[in-house]
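# Structural overview for review
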Amino acid sequence: MRLCHCLFVAGVLLTLGLKAQNKQILYDFNEIPQSLSINPGVETDFKWYAGVPLLSGISGYAGSNGISVNDMFANDGVDINLKFRERALDVLTPKDEFSSTLQIEYFNGGFRGENTNIFYSFGGYLELDNIIYWPQDYAYLLFDGNADQLGRRYDLGDLKVRGSMVNVFHFGINKRIDRNLTIGARGKLYSAIADYSSSTNNGHLTNIEGQNNRIASNLNADLLLRTSGFQDLDAASDSETLGNEIISRALFGGDLGLGLDLGFTYYLSERTTVTGSLLDVGFIYHSSDPKSYSLNGNTTVEGIEIDILDNFASLDRDFWQDLVDEVEVAVPFKTDTKSYLSFRPTKLYASIRNAFGEPVGNGGAQTCDCTAGSSGSRELRTKYRNSVGGQLYMINRPRGPQMALTGFYTRRIGNVLALKGTYTIDKYSSTNVGLGMNLQAGPINFYVMADNLLSYNNIAASNYASFQFGLNIISWGRSK
Amino acid sequence: MKGVRFLLMALVGFLMVTSCSEEQDFDQLDDLTITPSYEASIFYVKAQETLINRVAGLNFFTQDFNFDAFEEPFFTNRVIAGVLTYELENTTSKPIEIRLEFLDEAENVLDTEVFSMDPAPTAILQRDVAYGATGKSLDIIRATSEIRLTAINLGDNSSVSSLPDAAIVLRSSAQFTLEL
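Heads up: these notes are all about the structure in this document. The numbers attached to residues start from 1 for each chain and follow its sequence in the written order. Each chain is given a letter, starting from A, and each ligand a number, starting from 1, according to the order in which they appear as written. Note on the predicted model: pLDDT of at least 70 is required for a residue's local features to be given, and 80 or more for side-chain atom pairs to be given and counted; whole-chain, interface and lining totals, by contrast, use all residues.

## Structural notes on the overall build of chain A
Each helix is a run of H or I in the DSSP string that is no shorter than four residues. Each strand is a run of E no shorter than two, and both are numbered from the N terminus. Scanning chain A for helices and strands turns up 7 helices and 22 strands. A residue is called partly exposed when the number of other C-beta atoms within 10 Å of its own lies between 12 and 20, exposed at 12 or fewer, and buried at 20 or more, with C-beta atoms placed from the backbone. Here chain A holds 480 residues, and 42% of them are scored as buried. Throughout, a residue-residue contact means that the two C-beta atoms, derived from backbone geometry, are no farther apart than 7 Å. Counting only contacts in chain A whose residues sit at least 6 apart along the sequence, the fraction spanning at least 24 positions is 71%.

Below, the structure is given as structure tokens:
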């Protein structure tokens, strides 16, 4: 029963919305090949690696900074109407968000070139990403209405939502420039299956005292919802070919786009490293199945207004229909199928790390070729048991950049096990403790990570939950 | 050191396996009631005294107006209560009677509101008419397709009010509660 609850809560969390996930545990965890995916300039030592298809990298995140599942659905005997009002309607603001991300890597691999300073990587993954900010004034209009609110201005700009389902193919080059500097770049080809966004809304709805009648209702709207892919998916669903349509759109039959990731690792000293990466600098051109909906204009209505003297000759006309027509002309609802461009949510990572403690293995020289800087004919770099540091994460969002700060401690236990503990502070939580584990059993590499661990005794009360795990096969080549 | 490893791995395993949640009851959603109240003006009618004086006879104005707002399925299927508020202002020199009749599609009279106003100077008459559990039947509102407005001059056709722009003015607004 408890497991059912867990799965259900996780399901609800994952359907709340999607935010591009901060992978603070995976970042710069360079024993794991997938760390290349968030810093193409990470220092690698593999000769080659191959991710187990569909299992090499799975990550997900779901959450809200303002409310948890437990706040609403705890079986506490409190009327849900009261809970909703006290914990959501009267508390949440348009800055609060519901977001989630799900990323499934279906193939991933990498190999070192003839020039052993260059490492190539490639792969493909499916990403679902959604975010909705709490539409505060829409919620008040929906739950309370506008009665007895003369003069109150309902902000139609509160609606900000964006989401996509994208298949991504990527190819990256990681190059060791010298002993201290490694840089990397990865090109991405996006094939969008579906996309929607409504993030540039403006306007208001206000009831004020009327000039002629009791109330004047003023609607000033500049609303736009852009979608792509949904009509095709809907039609495919009706004809029971949804699976084929999704695959077709994922394999270049949908909207195409280009992106770029950049990254570097630089050793300030033998023990101190700085890294940085900029991810998803890219766009998608939505042209295969776009449909946009807009409501734009300004009107003030005081009901049917009949000045008998002025309208004496036309009193038989349909005043109600005339009023409806006037509103539709002043604030037309339009649809169109123009193509549009969307930009990917660009992410920035940066870190500084200081290693300390005993060198791992035999005085820093490894018993296997499994340390950074050891591959091929390159010079061995000493790797230490411990390291501490800090990381910065930023992501571009409809309401501006969001930021997270992470402090971390990494502990290597032989060549088999590496652990990374993190403490992250962001808008979701100030008690986010995470833990990642990388297990290397011969060529088999397994990693698992989760954060916000302190909430795990009651995950429903958590503002968010996230996980990452994966399975790879890694070769460092023959031992020297 | 082996102990530390064991503890760390045990901790990870423990968190992964035992993490769970307090009992949640998602069926509570069925009890969530959404009953907003919306408010807007309905109609405004103005008849100037100069017009009233020009029309011979008591009944100086009768007109049926199409009014489909209450017939919209979204509204009729969800309305659970409402209040129509009327405001009548008479700045003419005559006593006036206003009669509002709510008609269905077959032009049957469903309900009638009658307002009698003394000649100016007189206070603005305001009347709230409730519909639903504490008032008249909501079926009147749901079935209303037209509104018939009749204005009756209970005075003469020659007197002129000393007030500027003398007229009889009917203002109205509606406040309805819906169950979504």
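Next, the rest of the story.
## Concerning the overall build of chain B
When helices and strands are tallied, chain B shows 4 helices and 8 strands. Looking at chain B as a whole, 27% of its 180 residues are labelled buried. Of the contacts made within chain B by residues no fewer than 6 positions apart, 84% connect residues no fewer than 24 positions apart.

## So, the pairing of strand β3 (residues 97–112) of chain A
Residue and element names in this part refer to chain A. By the convention used here, strands pair only if DSSP detects at least 2 bridges between them. Relative to β3, strand β1 (residues 48–51) runs antiparallel, the two sharing 3 bridges. Its bridge partner lying in β3, Tyr49 is registered against Gly110. Sheet topology note: the strand β2 (residues 57–64)/β3 ladder contains 8 bridges and is antiparallel. When the sheet's bridge partners are listed, Gly60 is paired in β3 with Leu102. In sequence, β3 turns back onto strand β4 (residues 118–133) through a hairpin of 5 residues.

## Structural notes on the interface of chain B and chain A
The interface is formed by 44 residues belonging to chain B together with 50 residues belonging to chain A. Breaking the side of chain B that touches chain A down by element, the ones donating at least two residues are α1 (2–18), β1 (37–48), β2 (59–66), β3 (79–90) and β8 (167–178) of chain B. The biggest single contributor to the side of chain B that touches chain A is β1(B), with 12 residues. Note that Gly is not counted as nonpolar here; it falls among the polar residues with everything else outside the nonpolar set of Ala, Val, Leu, Ile, Met, Phe, Trp, Tyr, Cys and Pro and the charged set of Asp, Glu, Lys and Arg. In the side of chain B that touches chain A, the residues fall into 20 nonpolar, 14 polar and 10 charged. Pairing of strand β13 (residues 304–307) of chain A with β1(B) involves 4 bridges; the strand directions are parallel. Residue pairing for β1(B): A:Asp307 is matched across the bridge by B:Lys46.

## Some remarks on the environment of A:Ser99
Counting through the fold element by element, A:Ser99 comes out in strand β3. Placed 70 residues apart in sequence, A:Ser99 and A:Phe169 show a C-alpha to C-alpha distance of 24 Å.

## Some details on the packing of helix α5 (residues 230–238) of chain A against helix α6 (residues 242–253) of chain A
Residues and elements named next belong to chain A. A fitted line through C-alpha atoms serves as each axis, taken over the contacting stretch for helices, and the angle formed by two N-to-C directions is quoted from 0 to 180°. Their axes nearest at 7 Å, the elements α5 and α6 cross at an angle of 150°. Comparing the axis directions of α5 and α6 gives the class roughly antiparallel. Seen from α5, the contacting residues are Asp232, Leu233, Ala236 and Ser237; seen from α6, they are Leu242, Asn244 and Glu245. Class assignment for the residues of the contact of α5 with α6 results in 3 nonpolar, 2 polar and 2 charged. What sets the label is the angle itself: under 35 degrees gives roughly parallel, over 145 gives roughly antiparallel, 65 to 115 gives roughly perpendicular, and the rest give oblique.

## Some words on the pairing of strand β7 (residues 181–198) of chain A
All names here are of chain A. When strand β6 (residues 161–176) meets β7, the two strands line up antiparallel, connected through 16 bridges. Across the sheet, Asn167 pairs through a bridge with Ser191, a residue of β7. What sits between the antiparallel neighbours β6 and β7 is a turn of 4 residues. Pairing analysis gives 12 bridges linking β7 to strand β10 (residues 255–267), with the strands arranged antiparallel.

## Topic: the sheet that holds β3(B)
Taken together, the 5 strands give an open sheet; going across it, the order is β13(A)-β1(B)-β8(B)-β3(B)-β6(B), and neighbouring strands pair in mixed fashion. Of all the strands in the sheet, just β13 of chain A together with β6 (125–132) of chain B have a single pairing partner and so form its edges. Between one strand axis and the next, the sheet turns through 15° on average, direction left out of account. Pairing of β3(B) with β6(B) involves 8 bridges; the strand directions are antiparallel. Within β6(B), the position partnered with B:Leu84 by the bridge is B:Val129.

## Here's the deal with the nonpolar core
Grouped together as the largest cluster of nonpolar side chains are 35 residues, with contacts concentrated most on A:Ile306, B:Val45, B:Ala47 and B:Ile168. Within the residue set of this core, elements represented by two or more residues are β13 of chain A together with β1, β3, β4 (96–103), β7 (146–153) and β8 of chain B. In this view, B:Ile168 contacts B:Ala47, B:Asn90, B:Thr92, B:Ile96, B:Met117 and B:Ala151; residues no more than four positions away in its chain are not counted. For the purposes of this analysis, a nonpolar core is taken to be any set of buried Ala, Val, Leu, Ile, Met, Phe, Trp, Tyr and Cys residues that are connected through C-beta atoms within 7 Å.

## As for α6(A)
Residues and elements named next belong to chain A. Here a helix's expected span is defined as the number of its residues, less one, multiplied by 1.5 Å. In this model, α6 (12 residues) spans only 14 Å end to end at C-alpha, well below the 16 Å of a helix rising 1.5 Å per residue. Turning to α6, its buried residues number three or more, namely Glu245, Ile246, Arg249 and Ala250. Along the axis of α6, the buried residues cluster in a sector spanning 130°; they form a single face. Turned more than 90 degrees away from the buried face of α6 sit Gly243, Asn244 and Ile247, all of them exposed. Looking at the buried positions of α6, the neighbouring elements they touch are β6, β7 and α5. Taken from the helix axis, the directions to the C-beta atoms give the arc we talk about.

## Looking at the sheet that holds β4(B)
All names here are of chain B. On the basis of which strands lie adjacent, the open sheet formed by 4 strands has the order β2-β7-β4-β5 and antiparallel pairing. Each of the sheet's edge strands pairs with one partner strand only, and the pair in question is β2 and β5 (109–117). Mean inter-strand twist for the sheet, computed between neighbouring axes without regard to direction, equals 15°.

## Points about unusual backbone geometry
Here the bond from B:Ala120 into B:Pro121 is cis, since omega is 0°, no more than 30 degrees from zero. Locating B:Pro121 in the fold gives a position in the loop between β5 and β6. Not every positive phi belongs to a glycine, and A:Asp28 is a case in point at roughly 60°. In the Ramachandran plot, A:Asp148 falls in the positive-phi region, its phi being about 55° despite a non-glycine side chain. For A:Asp148, the location among the structural elements is in the loop between α4 (136–143) and β5 (153–155).

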